[in-house]
Amino acid sequence: MELLRDRDARVLLSGETLSMLGDRAMFLALGIWVKTLTGSSADAGLVFFMLALPTLFGPAAGLVVDRVRRRRLMIVTDVTIAAALLPLLLVHSRDRVWLIYVVAAAYGTASILFGSARSALLTEMLPERLLPSANAALQSISESMRLLAPVAGAGLFALLGGGAVAVLDSLTFLASAACLARLRHHDVRPTPGESHFVAQLTAGARHIARTPALRRVVLAVAVALLVVGFAETLIFTVIQVQLHRRPSFFGVLGFAQGVGAVAGGLVAAPALRRLGDARLVAAGMALFAVGDGLLLVPDVAVVLAGIGVAGVGISWAVIGFGTAIQLRTPPDLQGRVYSAADTLVGVPQTFSIALGAVASTVVDFRLLLIVMAVVTAGCGAVLAVRGEADRPPADYTPPDAQLAQPLGADDGGEPRPAGGVRADGAGERVHPRPE
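A quick note: this is a predicted structure, and the numbers were derived from the prediction, not measured.

> Looking at this structure, how should I read the overall build of the chain?
Scanning the chain from N- to C-terminus turns up 15 helices and zero strands. Burial statistics for the chain: of 435 residues in total, 57% are counted as buried. A separation threshold of at least 6 residues defines the contact pool for the chain, and within that pool the share at least 24 residues apart is 84%.

> Mind showing me how you'd approach the nonpolar core here?
Buried together is how nonpolar side chains tend to be arranged in soluble globular proteins. With 115 residues, the main nonpolar core has L3, M26, L88, I100, L126, V281 and F321 as its most contacted residues. Take this core: its biggest share by element is 17 residues, from helix 5 (residues 97–125). Beyond its immediate sequence surroundings of up to four residues, I100 is in contact with L30, W33, V34, V47, L88 and V91. Formed by eight residues, the second largest nonpolar core is a distinct cluster that contains A136, L272, W316 and I319.

> I would appreciate a short explanation of the environment of F27 in the present structure.
Along the chain, F27 falls in helix 1 (residues 7–38). Judged by relative accessible area, F27 falls into the partly exposed class, the value being 23%. In sequence terms F27 and Y107 are 80 residues apart; their C-alpha atoms lie 9.9 Å from each other. What F27 contacts, discounting residues up to four positions off in sequence, is F48, L51 and Y107.

> Sorry if this is basic, but what is going on with the pattern of salt bridges here?
Oppositely charged side chains can form a pair if their charged atoms are brought close together. Across all of its chains, the model carries seven salt bridges by this definition. Of the charged contacts in the structure, one is a salt bridge between R336 and D66, with a shortest N-O distance of 2.8 Å. You can see R336 sitting in helix 14 (residues 334–359) and its partner D66 sitting in helix 3 (residues 58–67), a full 270 residues away along the chain. A relative accessible area of 5% means that R336 is categorised as buried.

> Sorry, what's going on with helix 4 (residues 70–84) here?
The α-helix advances 3.6 residues per turn, and as a result positions three or four apart in sequence lie on the same side. Its 15 residues give helix 4 an end-to-end C-alpha distance of 21 Å, which sits within 8% of 21 Å, the value for a rise of 1.5 Å per residue. Those residues of helix 4 lying buried are R70, R71, L73, M74, T77, D78, I81 and A82. Projected down its long axis, helix 4 shows its buried positions confined to an angular sector of 165 degrees, all on one face. Looking at the buried residues of helix 4, the elements they touch are helix 3, helix 5, helix 7 (162–181) and helix 14.

> Which parts of the structure should I look at to understand the side chain of S19?
For S19, the position within the fold is in helix 1. Once residues lying within four places of it in the same chain are set aside, the contact partners of S19 are D169, T172, F173 and S176.

> Please clarify how the packing of helix 9 (residues 212–228) against helix 13 (residues 300–327) should be interpreted in this entry.
Between two packed helices, what matters for the description is the angle formed by their axes and the separation of those axes. One way to put it is that helix 9 packs onto helix 13 with a least axis distance of 10 Å and a crossing angle of 150 degrees. Relative to helix 13, the element helix 9 is oriented roughly antiparallel. Remark: the crossing between helix 9 and helix 13 carries left-handed chirality. The residues of helix 13 that touch helix 9, namely those facing L214, V217, V218 and V221, are F321, A324 and I325.

> What is the right way to read the packing of helix 13 against helix 14 from this model?
The N-to-C vectors of helix 13 and helix 14 enclose an angle of 145 degrees; their axes lie 9 Å apart at closest approach. Between helix 13 and helix 14 lies a crossing of right-handed hand. Contacts between helix 13 and helix 14 involve F321, I325 and Q326 from the first element and Q334, V337, Y338, A341 and V345 from the second. Here the contact of helix 13 with helix 14 is built from residues that sort into six nonpolar, two polar and no charged.

> Before we go on, may I ask you to explain the packing of aromatic side chains in this structure?
The geometry of an aromatic ring pair comes down to the distance between the two centres and the angle between the two planes. With the rule as written, the count across this model stands at three aromatic pairs. Between W33 and F157, the aromatic rings sit 6.2 Å apart at their centres with planes inclined by 65 degrees, giving edge-to-face as the arrangement. Residue W33 is located in helix 1, and its partner F157 is located in helix 6 (residues 131–160); the two are separated by 124 residues in the primary sequence. When sorted by exposure, W33 lands in the same class as F157, which is buried. With a centroid separation of 5.6 Å and 65 degrees between ring planes, the pair formed by Y107 and F173 is classed as edge-to-face. Note that Y107 is positioned in helix 5 and F173 in helix 7, a separation of 66 residues in sequence. This pair shows no difference in class: Y107 is buried, exactly as F173 is. Here the aromatic residues F27, Y107 and F173 are joined through ring pairs into a cluster of three or more.

Reading guide: rules and limits
Every chain begins its residue count from 1, and numbering advances along the sequence as written. Local features in this predicted model are restricted to residues whose pLDDT is 70 or higher, and side-chain atom pairs enter the listing and the counts only when it is 80 or higher, whereas totals over whole chains, interfaces and linings include all residues. Working from all heavy atoms in the structure, the side-chain values ignore hydrogens and water. A run of DSSP states H or I qualifies as a helix once it reaches four residues; a run of E qualifies as a strand once it reaches two. Both are numbered from the N-terminal end. Exposure classes here rest on a 1.4 Å probe applied to the protein chains alone. A residue is buried below 20% of its type maximum, exposed above 50%, and partly exposed in between. Here a residue-residue contact requires only that any non-hydrogen atoms of the pair lie within 4.5 Å. Working definition of a nonpolar core: buried Ala, Val, Leu, Ile, Met, Phe, Trp, Tyr and Cys residues. They are joined through side-chain atoms within 4.5 Å. Salt bridge criterion: a side-chain nitrogen from Lys or Arg within 4 Å of a carboxyl oxygen from Asp or Glu. By this rule, a helix spans an expected 1.5 Å times one less than how many residues it contains. Directions drawn from the helix axis to the C-beta atoms are what define this arc. In this analysis, axes come from line fits to C-alpha atoms, helices being fitted only over the stretch in contact, and the angle between any two N-to-C directions falls in the range 0 to 180 degrees. When an angle is under 35 degrees it counts as roughly parallel; over 145 it counts as roughly antiparallel; between 65 and 115 it counts as roughly perpendicular; any other value is oblique. By convention, the crossing between two helices is left-handed when the near helix turns anticlockwise from the far helix through less than a right angle, and right-handed when the turn is clockwise. Lys, Arg, Asp and Glu make up the charged group, whereas Ala, Val, Leu, Ile, Met, Phe, Trp, Tyr, Cys and Pro make up the nonpolar group; the residues left over, Gly among them, are polar. Put simply, two rings from Phe, Tyr or Trp (the six-membered ring, in Trp's case) pair if the centres are within 6.5 Å, and we call them stacked under 30 degrees between planes, edge-to-face over 60, tilted for the rest.

Now the structure itself:
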């Protein structure tokens, strides 16, 4: 694999593998921890709400990423969150569940900074042809940790409690920081801001608004996530009501999703080159909708299969989404566009998680699952149809007139890529002039 011949790519992936193992174990333990202490699926779902809440501050995080050296920021973030996890050692009863929520919010904040910086760092480190492979590798690693997380997370939680999982996760963050410190890549000096602060802060969102193909991807994902967040709470109800299992069975479902996600990640890069980023996201949504529908069947084998199919869909959607941002954004806007996109899809997801936690107490969970499947499938279908317009002919060369588009300009349905970027990821990137 060409990606693995790059020494810095190998080092980065090694650190991310360790860090993601800790992440998956911690995410798993947090939900189980709150469910065990409170007995409430809604309270457990609020953990994921707190993890997602910091996306509201994504634009500010993106501006930070574009104004500092990215690798250095990632190291500082790793070390900081490693220390922030340690207060979880004080949680032993229901009256200290609030500490879990506080740490979850800090975790979410660190994830926003780190994720945006990592995406931008990859565009500095690697040639464009390797970006889909790098994104696919990271997603496969992330989801493959679901195969180990039931042992590292639920198993360690059952043996030694949540504090032990927090210590494990803290150590993996330190390992990630050590790997980042070993990179030979020299951080690119950030470009100083020349415009008003508000203009700098909103530059990422404005770039998305004036880039039709990227705008369609972000909008479709945002609408889908208005309902997808229901799953964070509903999965505990499915386990209890449909499958008649204990909350710790969540680890088994995580294993099944990991298998599907790894399989999806392994074929995502060639699928992206064939379909284009928008249609890969659309295909991912369709698969997620199918998997979600299978959760309606009160059978363990069918539910496991559904979770696996959904895992493939999640991988494809995440990889297509991330690659679309990288290939359609100029270097000095990478952090802000990534964070703006993360906020634009994260706010609906945060609202959806909170709504799902409330709705699950008054609405039959089966109806909520049906709503999830229908809305997600509809978004995928619309994006698939419009995504075809984003695929230019094989001999397409963007004219100079496309290098700068006025804010809010649309393509009128014409089959041309935004910002002079080939929608299928091929060819060279020609960026519009930065803000």
